[in-house]
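# Descriptive structure summary
Take a look at the letters that make up each chain.
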Amino acid sequence: MQGDVLGLLRRESGALSAYALLAKLRESNPRLAPQTVYRALQALTERRLVHRLESLNAYFACRHGHHSGASILSVCDGCGAVEECVAPDVLAALSNVADRTGFAPMRHVVEMRGVCADCGGAAKHP
């Protein structure tokens, strides 16, 4: 099931909710239970093959393989496309803040919401 979920997410340019994934997967497996999809998403997220977009409660396939830096996920409010950029310097800055405050982060989620270049983002924000 993990392979099916990951394959479906890799074919998408945007993120999909667990229920959107379930609906697509039920086209070939009508009896598929939601718990099966959630377990697959959890395992894929733990293996860092999938990112969870907190702001959308949706999932997106990692485009950079295994990496130690934080990913910055840019989400277009126009077309729904999601772009991933690995930014090790961002992870270092976040870690410094955590160290200074004594906070123990479990994960880093860095999301930007706006408009992509295809939707006119570059023209609006030079």
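Everything below is about the structure shown above.
Attention here is on the structure that accompanies the text. (Residues numbered from 1 in each chain as written. Predicted model: local features only at pLDDT ≥ 70, side-chain atom pairs only at ≥ 80, totals over all residues. Heavy atoms only, no water.)

## Let's talk about helix H3 (residues 34-46)
The end-to-end C-alpha distance of H3 is 18 Å, a good match for the 18 Å that 13 residues give at a rise of 1.5 Å each. Taken together, the buried positions of H3 are occupied by Val37, Ala40, Leu41, Ala43 and Leu44. All buried residues of H3 fall inside an arc of 165 degrees around its axis, so they share one side. Summarising the geometry of H3, the exposed residues directed more than 90 degrees from the buried face are Arg39 and Glu46. Residues of H3 that are buried in the fold lie against helix H1 (2-11), helix H2 (18-25), strand S1 (50-53) and strand S2 (58-61). (Helix = DSSP H or I, 4+ residues; strand = E, 2+ residues; numbered from the N terminus. Expected span 1.5 Å × (residues − 1). Buried < 20%, exposed > 50% of the residue type's maximum accessible area, 1.4 Å probe, protein only. Arc of directions from axis to C-beta. Contact = heavy atoms within 4.5 Å.)

## A short note on the packing of aromatic side chains
With the rule as written, the count across this model stands at one aromatic pair. Ring geometry for Tyr19 versus Tyr38: centroids 6.2 Å apart, planes at 75 degrees, classification edge-to-face. Of this pair, Tyr19 sits in helix H2 while Tyr38 sits in helix H3, and the two are 19 residues apart along the sequence. (Phe/Tyr/Trp six-rings, centres within 6.5 Å; stacked < 30°, edge-to-face > 60°.)

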